[in-house]
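Here's the letter readout for the chains.
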Amino acid sequence: MNNPLITPILTMLKAQPHSLKEFDILKSLQSQFPKFSQLADDTNLQLFRQHFLIMNALYQLQSQLWQEDNLMLSIEATQIRLFSTQHISTSNNTSINNSPDAKLAAYYLDWNEYEKTDEADVVRLLDSFYKGICHTGDRRSALKVLELEEDNPSKNSIKQQYRKLAQQHHPDRGGDQAIFISLREAYEQLMLQAHV
């Protein structure tokens with residue numbers, strides 16, 4: 001299926017020859033096309049669909065530009081940019097299928113992934129992401145940093161303990177900035193995992 005966002009994104013790439021961020025593309029599309037912000041009632045599903053449509057358009061463009069114009073579209077987390085083939089190292093790769101991000105491209109080029117993903121799937125994806133960045137060992141360290149003895153403290157207990165220690169170690173009150181940042185990191189991590 002042809003993605004209607006390909007032409008507007010190509011226009012953005014032309015206007016910003018150095019690089020673009022996905023966030024910039026998202027904001028521009030939201031202002032150009034009001035219906036782009038009406039893809040779902042659920043906020044998380046809405047964001048997933050916007051992201052999917054942008055990535056689908058980028059990967060379609062990547063393949064087309066390589067095959068038809070001998071241009072490389074680099075799609076990275078922090079920047080999206082076009083290269084002439086003279087600016088990239090020569091290799092035996094002649095299609096997107098041989099590139100390192102082929103699995104990612106295959107996912108975003110599969111319209112079934114867009115259609116079958118619902119609110120519950122997005123919640124599971126987000127939970128999986130949060131669990132992936134919060135390791136058990138890190139949790140123990142976070143509990144120790146905040147001087148919490150309970151294994152599963154409530155959000156309220158975490159918040160109270162953080163505020164107490166943050167007041168003691170705040171840099172504006174003569175505290176150590178490194179300790180203060182450690183307290184904040186521990187607080188953020190434990191709040192992500194806390195129940196009530």
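Refer to the structure above for everything that follows.
Notes on the structure in this doc start here. Predicted, not measured: the structure shown is a model, and the values here were computed from it.

Examining the packing of helix 3 (residues 43-69) against helix 4 (residues 102-109)
Two elements in contact, helix 3 and helix 4, have axes whose closest approach is 8 Å; the angle formed by their N-to-C orientations is 115°. The chirality of how helix 3 crosses helix 4 is left-handed. Contact with helix 3, carried on its side by Phe-48, His-51, Phe-52, Met-55, Asn-56, Tyr-59 and Gln-60, involves Leu-104, Ala-105, Tyr-107, Tyr-108 and Leu-109 of helix 4 and no other residues of that element.

Side note on helix 1 (residues 6-15)
Among the residues of helix 1, Ile-6, Pro-8, Ile-9, Met-12 and Leu-13 are the ones counted as buried. Considered in projection along helix 1, the buried side chains sweep an arc of 165° and stay on one side of the axis. Set apart from the buried face of helix 1 by more than 90 degrees, the exposed residues are Thr-7, Lys-14 and Ala-15.

Considerations on the packing of aromatic side chains
Enumeration over the complete set of coordinates arrives at nine aromatic pairs. Ring centres of Phe-48 and Phe-52 lie 5.9 Å apart, and the angle between their planes is 40°; on these two criteria the pair is classed as tilted. Taken together, the residues Phe-48 and Phe-52, both in helix 3 and four residues apart, mark about one turn of the helix. On the accessibility criterion, Phe-48 (10% relative accessible area) is buried. Residue classification places Phe-52 among the buried residues on the basis of a relative accessible area of 0%. Ring plane angle 25° and centroid distance 4.4 Å describe the contact between Tyr-162 and Tyr-187, whose orientation is recorded as stacked. Of this pair, Tyr-162 sits in helix 8 (residues 155-169) while Tyr-187 is found in helix 9 (residues 177-193), placing the two residues 25 residues apart along the sequence. In terms of burial, Tyr-162 and Tyr-187 fall into one category: buried. In textbook terms, an aromatic cluster arises when at least three aromatic residues are bridged by ring pairs, as seen for Phe-48, Phe-52, Tyr-59, Tyr-107, Tyr-108, Trp-111 and Tyr-114. Between Arg-49 and the ring centre of Tyr-114, over which it is positioned, the NZ or CZ distance is 5.7 Å.

A word on the pairing of strand 2 (residues 80-84)
For strand 1 (residues 71-75) and strand 2, the ladder comprises five bridges, and the chain directions are antiparallel. Bridge pairing links Ile-75 to Ile-80 in strand 2. The antiparallel pairing of strand 1 with strand 2 creates a hairpin that spans four residues between the two strands.

Side note on the environment of Met-72
Within the element layout of this structure, Met-72 appears in strand 1. For the pair formed by Met-72 and Leu-61, sequence separation is 11 residues and the distance between their alpha carbons is 9.5 Å.

Description of unusual backbone geometry
Within the chain, Asn-70 stands out as a residue other than glycine whose phi angle is a positive 60°. By the secondary structure assignment, Asn-70 is in the loop between helix 3 and strand 1. In this model, Glu-147 sits at a positive phi of 55°, which is unusual for a non-glycine residue.

Here's the deal with the packing of helix 1 against helix 3
Taken N-terminus to C-terminus, the directions of helix 1 and helix 3 make an angle of 70°; their axes are 9 Å apart at the nearest point. Relative to helix 3, the element helix 1 is oriented roughly perpendicular. Between helix 1 and helix 3, the residues in contact are Ile-6, Ile-9, Leu-10 and Leu-13 and Ile-54, Ala-57, Leu-58, Gln-60, Leu-61 and Gln-64, respectively. Taken together, the residues of the contact of helix 1 with helix 3 sort by class into eight nonpolar, two polar and no charged.

Looking at the nonpolar core
With 30 residues, the main nonpolar core has Ile-9, Ile-25, Leu-29, Ile-54, Leu-58 and Leu-73 as its most contacted residues. Residue contributions to this core peak at 11 residues, all from helix 3. By size, the runner-up hydrophobic cluster in this structure holds 15 residues, among which are Leu-148, Phe-180, Leu-183 and Ala-194.

Basis of the calculations
Within each chain, residue numbers correspond to sequence positions counted from 1 in written order. Residue-level local features of this predicted model are given only where pLDDT is at least 70; pairs of side-chain atoms are given and counted only at 80 or more, and the full residue set underlies all totals for whole chains, interfaces and linings. Side-chain measures here rest on the full set of heavy atoms in the structure, leaving out hydrogens and waters. Every axis in this analysis is a line fitted to C-alpha atoms, fitted for helices over the stretch in contact. Angles between the N-to-C directions lie between 0 and 180 degrees. Note on conventions: DSSP H or I runs of at least 4 residues are helices, E runs of at least 2 residues are strands, and numbering of each starts at the N terminus. Here a crossing is called left-handed whenever its near helix is offset anticlockwise from the far helix by less than a right angle, and right-handed whenever the offset is clockwise. Contacts: residue pairs with any heavy atoms within 4.5 Å of one another. The buried label goes to any residue with under 20% of its type's maximum accessible area, the exposed label to any with over 50%, and the partly exposed label to all in between, with areas taken from a 1.4 Å probe on protein chains only. Arc definition: directions from the helix axis to the C-beta atoms. Classification of ring pairs uses Phe, Tyr and Trp, with its six-membered ring standing for Trp, and accepts pairs whose centres are within 6.5 Å; under 30 degrees between planes counts as stacked, over 60 as edge-to-face, and the remaining range as tilted. Geometrically, a charge over a ring is one whose NZ (Lys) or CZ (Arg) sits within 6 Å of the ring centre while staying within 35 degrees of the ring normal. Any two strands with at least two DSSP bridges between them are considered paired. Should an angle lie under 35 degrees it is considered roughly parallel, over 145 roughly antiparallel, and from 65 to 115 roughly perpendicular; all remaining angles are considered oblique. Following the grouping adopted for this structure description, the nonpolar residues are Ala, Val, Leu, Ile, Met, Phe, Trp, Tyr, Cys and Pro, the charged ones are Asp, Glu, Lys and Arg, and the polar ones are all others, Gly among them. By nonpolar core is meant a set of buried Ala, Val, Leu, Ile, Met, Phe, Trp, Tyr and Cys residues that side-chain atoms within 4.5 Å join together.

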